[in-house]
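Structural overview for review
Letter by letter, the chains look like this.
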Amino acid sequence: RHRITAEQLDDDDALVSLRDAIELLEASAASARCDDLGLRMTQTQDINILGPLALAMQNSSTVADALQCASRHLYVHSPGMLFTVLPSSTLIAGATELRFQMVLQHPPVMRQATDQAIGTLHQILRFLAGKHYALKAVALPHRPLDARTTYRAFFAAPVLVDQAHAGLHISAQ
C-alpha cells in the first residue's frame with residue numbers, strides 16, 4: 001500500500017521515497033492508535049541513524065561545528081530534509097534555533113515524521129553536548145494528537161504548537 005517492498009526493507013542501502021516513508025509512519029500510528037508513535041521511535045534511535053553523516057558530526061571540533069556539518073550535508077542522507085542553524089531564535093530571546101523541514105511538493109500529513117525528526121535531533125544533541133545541552137523550547141508546526149504532557153516530559157521543555165517551523169530552540173552556549 002505504501003510502495004515499499006520487502007527487498008527494500010532487507011537492504012540497508014536501498015532508497016525509500018521520503019513521501020512513502022512519511023505516509024507509512026502516519027498510517028502505522030493511526031492503525032496502532034498510537035498518537036505519539038514518531039516520538040516513541042526516537043527513544044531507540046541515536047546519531048548512528050545518520051550513517052556517514054554521523055561520523056562527520058562526531059569528528060567535528062565543537063557541537064556548533066557538528067551542527068553546521070549536519071546543516072551542510074543532510075541532503076546526502078535525504079534530499080527532502082532541510083536542517084538550518086539560525087544563530088538567533090525567531091521565538092526565544094537569547095537562543096539559537098535549530099530548524100527542521102521536510103521539503104515535498106504537495107506534502108502529506110507528517111505529524112509523526114516531524115515528531116520523529118525533532119525527537120531524534122533532541123537525542124543527538126543530548127549525546128553531542130552532554131550536560132551542556134540546554135533546550136529552551138520545542139516548536140511544532142502542528143498540534144500533537146497525544147497530550148502535550150507527553151511531549152513536555154520527553155523534551156523537558158516548553159512545547160510551542162502551531163508554529164511556522166519545527167525546531168529546537170537551545171541555549172547559544
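Structural notes, computed from the coordinates. (Residues numbered from 1 in each chain as written. Predicted model: local features only at pLDDT ≥ 70, side-chain atom pairs only at ≥ 80, totals over all residues. Heavy atoms only, no water.)

**What about the overall build of the chain?**
A tally of helices and strands in the chain yields seven helices and five strands. Going from the N terminus to the C terminus, the chain shows its helices and strands as α-α-α-α-α-β-β-α-β-α-β-β. Since a compact globule built from 173 residues should have a radius of gyration of about 16 Å, the 16 Å found for the chain is in line with a globular shape. Principal-axis analysis of the C-alpha atoms gives the chain an extent of 45 × 35 × 30 Å. The buried share among the 173 residues of the chain stands at 43%. A separation of at least 24 residues holds for 58% of the contacts in the chain among residues at least 6 apart in sequence. (Helix = DSSP H or I, 4+ residues; strand = E, 2+ residues; numbered from the N terminus. Rg over C-alpha atoms; globule rule 2.2 N^0.38 Å. Buried < 20%, exposed > 50% of the residue type's maximum accessible area, 1.4 Å probe, protein only. Contact = heavy atoms within 4.5 Å.)

**With respect to the pairing of strand β3 (residues 135-139)**
A regular strand carries its side chains on alternate faces of the sheet. The buried count for β3 comes to four of five residues, which makes it a mostly enclosed element. Judged from the four bridges that link them, β3 and strand β5 (residues 166-171) form a sheet pairing that is antiparallel. Residue Leu135 lies in a different strand from β5, and its bridge partner there is Ile170. Here β3 runs beside strand β4 (residues 159-160); their pairing, made up of two bridges, is parallel. From the neighbouring strand, Ala139 faces β4, where its bridge partner is Leu160. (Pairing = 2+ DSSP bridges.)

**Focus on the packing of helix α5 (residues 63-77) against helix α6 (residues 111-129)**
α6 packs onto α5 with a crossing angle of 145 degrees between their chain directions and a minimal axis gap of 10 Å. For the pair α5 and α6, the sense of crossing is right-handed. Counting all contacts with α5, which are made through Val63, Ala66 and Leu67, the residues of α6 involved are Leu125, Leu128 and Ala129. Class assignment for the residues of the contact of α5 with α6 results in six nonpolar, no polar and no charged. (Axes fitted to C-alpha atoms, helices over the stretch in contact; angles between N-to-C directions. Left-handed = near helix turned anticlockwise from the far one by under 90°. Nonpolar A, V, L, I, M, F, W, Y, C, P; charged D, E, K, R; others polar.)

**Topic: the sheet that holds strand β2 (residues 95-102)**
Strands sit in the order β1-β2-β5-β3-β4 across an open sheet of five strands; the sheet is mixed. Lying at the two open borders of the sheet, with one neighbouring strand each, are β1 (81-86) and β4. As paired elements, β2 and β5 share six bridges and run antiparallel to each other. Across the sheet, the residue bridging to Arg99 is Gly167, located in β5.

**A closer look at the environment of Ala157**
As for its placement among the helices and strands, Ala157 is situated in the loop between α7 (148-155) and β4. Ala157 sits in the buried class, given a relative accessible area of 8%. For the pair Ala157 and Ile4, spaced 153 residues apart in sequence, the C-alpha separation works out to 36 Å.

**Some thoughts on the packing of aromatic side chains**
For the structure on display, the rule yields one aromatic pair. Ring centres of Phe154 and Phe155 lie 4.9 Å apart, and the angle between their planes is 90 degrees; this geometry places the pair in the edge-to-face category. One exposure class covers both Phe154 and Phe155, and it is buried. (Phe/Tyr/Trp six-rings, centres within 6.5 Å; stacked < 30°, edge-to-face > 60°.)

**Overview of helix α2 (residues 18-32)**
Relative to the 21 Å expected for 15 residues at 1.5 Å per residue, α2 spans 21 Å between its end C-alpha atoms, a close match to the ideal helical length. Looking only at α2, the buried set comprises Leu18, Asp20, Ile22, Leu25, Glu26, Ala27 and Ala29. Residue Ser17 occupies the N-cap position of α2, its side-chain oxygen lying 3.3 Å from the main-chain nitrogen of Arg19. Just past α2, the residue Arg33 takes up positive phi, approximately 55 degrees. (Expected span 1.5 Å × (residues − 1). Polar contact = N/O pair within 3.5 Å; in protein donor to acceptor, adjacent residues only side chain to side chain.)

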